[in-house]
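Residue strings, one per chain:
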Amino acid sequence: MVAPILEFRNIFKSFAMTAALSDMSLAVVPGEIHAIVGENGAGKSTLIKIMTGVYQPDSGEILHEGKPVTIRNTYGAQALGVAAIYQEPMVFPDLDVAENIFISHRNLGAFMNWSKLYQSSDELIARLGVTLDVRRAASGLTLAEQQTVEIARALSLNVKVLIMDEPTASLSAHEVERLLSIAKALKARSVAVLYISHRLDEIFRIADRVTVLRDGKHISTKPIADVTHDGMVKDMVGRALDKFATKTRANEHGALLLSVKNLALDGVFRNVSFDLHKGEVLCFAGLIGSRRTDVGLALFGIAPATQGRIELDGQSVTISTPQQAMERGIAYVSEDRRKLGLAMTLPIYANISLPSLKKFLRRLGIIDRSAENAMAESYRERLSIRSPDVKIDVGKLSGGNQQKVMLAKWLETKPRLLIFDEPTRGVDVGAKAEVHNIIRDLAKQGVAVLVISSDLPEVMALADRVLVMREGEQKGIFDISDCSQERVIALATGQDAEASAA
Amino acid sequence: MLAKLKSWEGLLLLILIVTVLVNAAIVPQFLTMQNQINLFQLSIEKIIVALAMTFIIINAEIDLSVASIMGLAACTFGVLVENGTPAGIAIMLCLILGVLAGAFNAFWIAYVKIPSLVVTLAMLIMYRGIARVLLEDRGINGFPQWFGDLGQKAFLGPFPLGLFIFLVLLVVLGLVLHRTGFGREVYVIGTSAEVARFSGVRVARVKTILFILSGVVSALAGLLYAGRLASVRGDAASGFELDIITMVLLGGVSIFGGRGSIIGVLFSILIVLNLRNGMALMNITGHIQTAVIGVLLIMSVLGPNLAERTKSLGSGKATA
Amino acid sequence: MIKSFRRLHPQTLRILALAIVLMLTILFFASQIDGYLSPRMINRIATSVAVILPIAIGQAMVVMSRNIDLSVGSVVGIAAYLIGDYLGTHPDIHPLLVVVMALGLGAFCGAINGALVAYGRVPSIIVTLGTLALFRTYLVEYSGARSITTSALPQWLVDLPQMTIFSIGSFDMRLTVAMSLVAAIVFWVALSRLRVARKLYAVGSNPDAAVVAGINSSLVVFTSFVLSGMLAGLAGFIFLAKFGNITVVAGLGFELKSVAAVVVGGVNIFGGSGSILGVVLGTVLVDTIDNSLTRWAIVSEFWRDALLGMLIMIAVATDTFMTRSFGRMKGKSE
């Protein structure tokens, strides 16, 4: 085997009291795509941040081409030829593409030579096999184009180790293809690619070796040929995954609650039509970026639709603010807990009572604190939110418990229609099952539930009916009894269209 | 978070006690009732506006135009009275002017969504400019006797009207901020305006109310200022925004919003007043007093920052 | 040609628009004020711009890095007064050294701001509101209520404002104006051509990305404050030369005027974009309005501040609407 370019030996790193990495050893080899998998919190991002000099290890050794090194900061990492691209690309919107690519260079002379800069950028972009106007300001680029800029930036620095952290999470199907081919091209140029992804199918397609992390520990590193899908998952979760029971038949449901006809928002989504009954679970499936969330936001009045009709109980309604949506019994549980879901520095009770605060107001708008507290306590018990009391800041809870607080917050509004966006993202396996049970209970009580999920097994376990979207368009809606993972994937990725075209 | 706040407020209380003790030890007349009332009276307009500013900053905004609104209200009052408007009606009109000025700020901030720093900086210049247009470079005095008395003399017991208004506002606004649903919404918006919007909070409305509150309270304070000095000039209350913001930030209100309490601001007001009073009694000039307040302002943010950094460095070492 | 027009950066459009507004303003005042377009008026505005322009350039760099420097007016005061005072006792010191001292004094004040913002992590608005008061207090205390008068200054400095490098007709290119323009050109070239200077745009454009790209953001922010202080020091020197009589209120209010010039000049208040050319036009526009109002019989000169405030608001609002509709256009095309 070729000598490793970068090697971790017995690295330990902890924050406050929790160990993020313990006894981590890993060797990165040139000309290889090395996949790293693990659940959220397994230590992947800590590992990357140590490689790029953002964090310093508490103990252990880092070897670069066999020599011990200390990576003090991003610049130090660059000097060793280590660069990273992230799920959310780091570009400078006010600078043009060429300048974005060469921003980290220090030995190009004191003055900008714009024509030379454009020429070299053009060459770099061409080497990646893509077309991109290097004179454009980066503010107008799509996510995929921004990633291309970042990869070109890494290439321009003569990168030897390129870390790709969930690069495909927000890309459309053909953008994913392009990214994977870029990764292969880098490999052919003897770059070591560290590929971090939740999408196991991608890993089987491009990786040479796979390393599994769990709870900050190195579990296994194997050539891809020796790995099976189930074995990898077992390594990740530490046991064979209890497969969620796949639903084969829809549950009984009540009367029609919501009827959506030809809903569209200019330039975002179009042609969305479905019915939703009381006690029914409808799942929106599709790839990330297929605009499912935007449909949810339109129903909740955040970004109202520009065309089409929404009928509630058979009556046409307009929903143009969240307040109007909430008055009609609609709740929306966001996929982005941190930015849109919870006020992290406020206590649990204040977060739960927020949308239904009116209920707890007494004379002169004074909050009835004991009633508020009792309500929050009841949810802590009912949803088994693990926290000593409800006065703790939600930011201090684990992801799963935060998710339950967010759910409690909306359950307290007693919704008739609950829109649940990525209900189990960043939630561990145990909490996942709990959240699923809560959703099933709600449906049993007659709440209409609309789940937006990118997790197919989750869709198969929860849905009575499935609606598939691709690139802003509804591609199909069918009963769970007619549904299979293969059929959803075909619709979501557009393989059906290709197949029929061919 | 609660413990942290408590310790900040505890620290303020400690500083306050030390300031009072030192002042009392050095200056014999310090603890007399009259000196204590004077101490409030000399900055009464600023501390009243500081209460409204507390809401604005907890809401993660800032209002740099308060002193200009104070000046504008005072000058408008002067011009109205000079032209024969009864003082009572002039007072009402000036308060309405304060509402309008606040609403104008709010329109740009809450609905057009331009940062409050920029909007109120422009309005600081513009409102002050209008005050200058009104009075050019002359002063107006000759207000009705009762108006001057309200600003200067005891109104209720030994308390002048201004102090009375401050105490009432302190209690009322304290209750609103810490006990009502509206106060809760102010904190949530300050923590994350997006989370608030996604929870059905009418963010723009809350911000509008706060800037109108700030405008009307500033106008009221401007009138008190006119009464206290029994005259107005175009530069009335100019530069007060610095002192006002300092009092609020020193009180533990985070410039990034979402954190702070009325009690903390009260403590910091008392500290600032006592410091100024003590320095004045020790014959230290107003400019040096302002400088000391300026240093306090920077320290009130720098201190916790440095403490946090050394703490995190310490914990890093401990685990190594 | 058409292709290059299509590619016009919004920033370029912005500068074109600004130039047109400036032209219209001048035409308007020319129609209102007799003898407005005289060399005398141009000289008057040019010498007035000479004081503000360096401050505005410094302010622009600070704003581009997502900060604000409200202490510049006090720095101008300190530089003008201290240098004037020093010259009273050391009249023989070389003029160049005097300029260097003014720059150094300003840079020192700027370094205090920069250290607190970049390394102390205190928001710039708080730091510079504080130092705005602190620097001024220092000046008041130092002066002991004395003023600097022309009689105490060396003759070369008294003559400096009248010093003309060349004349076009009866328009004289004053040395002070030239100094200011040279500063503008130096920074214009530096910001667009110097590789190091591009980091300023990077940090203002996306601070997180700047860290990832290995840029030392703290150093960039610190430097922008030092430069801002240094340029305020230069403005202080020009101020001293122009007026000769310096009181402790020298430079009062310049912070707002410089922010106005920068915002009107198209520097994005959220950082990351802006050009020195725009700042020059913005400064000239703000100062033209300022100086012309004092000559305009119909409206009292006290309207200056009120109009300045409105002008800032209009500039920011236009910017906001332009950026948003531009964003929408882009959103639709994709």
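Residues numbered from 1 in each chain as written. Chains lettered and ligands numbered in written order. Predicted model: local features only at pLDDT ≥ 70, side-chain atom pairs only at ≥ 80, totals over all residues.

S.K.: Hey, could you run me through the overall build of chain B in this one?
M.R.: Each helix and strand counted, chain B has 14 helices and four strands in total. Taking 2.2 N^0.38 as the reference for a compact globule, 320 residues should give roughly 20 Å; the C-alpha atoms of chain B span a radius of gyration of 20 Å, in line with that estimate. Referenced to the eigenvectors of the C-alpha coordinate spread, the extents of chain B come out at roughly 75 × 55 × 35 Å. By the burial criterion, 53% of the 320 residues in chain B qualify as buried. Sequence-distant contacts, at least 24 apart, represent 79% of the contacts inside chain B between residues at least 6 apart. (Helix = DSSP H or I, 4+ residues; strand = E, 2+ residues; numbered from the N terminus. Rg over C-alpha atoms; globule rule 2.2 N^0.38 Å. Buried ≥ 20, exposed ≤ 12 C-beta atoms within 10 Å, placed from the backbone. Contact = placed C-beta atoms within 7 Å.)

S.K.: Looking at this structure, how should I read the interface of chain A and chain C?
M.R.: The accessible area lost on association of the parts is a frequent measure of interface size. On the side of chain C, 22 residues touch chain A, which itself brings 21 residues to the contact. Its residues placed into classes, the side of chain A that touches chain C shows twelve nonpolar, six polar and three charged. (Nonpolar A, V, L, I, M, F, W, Y, C, P; charged D, E, K, R; others polar.)

S.K.: How should I be thinking about the interface of chain C and chain B in this particular structure?
M.R.: Every contact between the two is made by 33 residues of chain C and, on the other side, 31 residues of chain B. Every element with two or more residues in the side of chain C that touches chain B is listed here: α6 (124-143), α12 (254-264) and α14 (303-333) of chain C. Among the elements that take part in the side of chain C that touches chain B, α14 of chain C stands out by supplying 13 residues, more than any other.

S.K.: I tried to follow the sheet that holds strand β3 (residues 33-37) of chain A on my own but got confused; where do I start?
M.R.: Strand-to-strand pairing in sheets goes through backbone hydrogen bonds, with the strands running parallel or antiparallel. Residue and element names in this part refer to chain A. Here six strands make up an open sheet; going across it, the order is β6-β7-β8-β3-β9-β10 and the pairing mixed. Edge positions in the sheet fall to β6 (82-85) and β10 (217-223), since each has one partner strand and no second. Adjacent strand axes in the sheet meet at a mean angle of 20° when their direction is disregarded. Relative to the sheet, helix α1 (residues 44-51) contacts β3, β6, β7 (161-165), β8 (192-196) and β9 (209-214), its axis offset from that of β7 by approximately 150°. Running at roughly 180° to β6, helix α5 (residues 143-156) makes contact with β6 and β7 of the sheet. (Pairing = 2+ DSSP bridges. Axes fitted to C-alpha atoms, helices over the stretch in contact; angles between N-to-C directions.)

S.K.: Would you take a moment to explain the pairing of strand β4 (residues 59-64) of chain A for this structure?
M.R.: Each regular strand displays side chains that alternate between the two surfaces of the sheet. Residues and elements named next belong to chain A. One ladder, built from five bridges, connects strand β1 (residues 6-15) with β4; its direction is antiparallel. By the bridge assignment for β4, E7 is matched with L63. Looking at chain direction, β4 and strand β5 (residues 67-69) are connected through three bridges and run antiparallel. Bridge pairing in β5 links H64 to K67. Counted between consecutive antiparallel strands, the loop separating β4 from β5 contains two residues, among which E65 sits at a positive phi close to 50°.

S.K.: Please explain the environment of G102 of chain B as it appears in this structure.
M.R.: Residues and elements named next belong to chain B. With respect to the helices, strands and loops of the structure, G102 is situated in helix α5 (residues 87-111). When the 28 C-beta atoms within 10 Å are taken as the criterion, G102 is described as buried. For the pair G102 and V253, spaced 151 residues apart in the sequence, the C-alpha separation amounts to 22 Å. With sequence-adjacent residues up to four places away left out, G102 is seen in contact with F211, I212, L213, S214, G215 and V216.

S.K.: Help me understand unusual backbone geometry, please; the structure alone is not making it clear to me.
M.R.: Negative phi values dominate among residues other than glycine, just as trans dominates among peptide bonds. Unlike most non-glycine residues, L364 of chain A shows phi in positive territory, near 60°. Of note, L364 of chain A is situated in the loop between α12 (348-353) and α13 (369-382).

S.K.: Before we go on, may I ask you to explain the environment of I101 of chain A in this structure?
M.R.: Residue and element names in this part refer to chain A. With respect to the secondary-structure elements, I101 resides in helix α3 (residues 97-102). Residue I101 is classed as buried on the basis of its C-beta count, with 28 C-beta atoms lying within 10 Å. For the pair formed by I101 and P4, sequence separation is 97 residues and the distance between their alpha carbons is 27 Å.

S.K.: Where do I start with the packing of helix α5 (residues 95-119) of chain C against helix α11 (residues 217-243) of chain C in this structure?
M.R.: For any two helices packed against each other, one specifies the crossing angle of their axes together with the interaxial distance. All names here are of chain C. Running from N to C, α5 and α11 point in directions that differ by 150°, and their axes come no closer than 6 Å. Taken as a pair, α5 and α11 cross one another with a handedness that is right-handed. Here the contact of α5 with α11 is composed, by residue class, of 21 nonpolar, nine polar and no charged. (Left-handed = near helix turned anticlockwise from the far one by under 90°.)

Any link to function would need more than the numbers given here.
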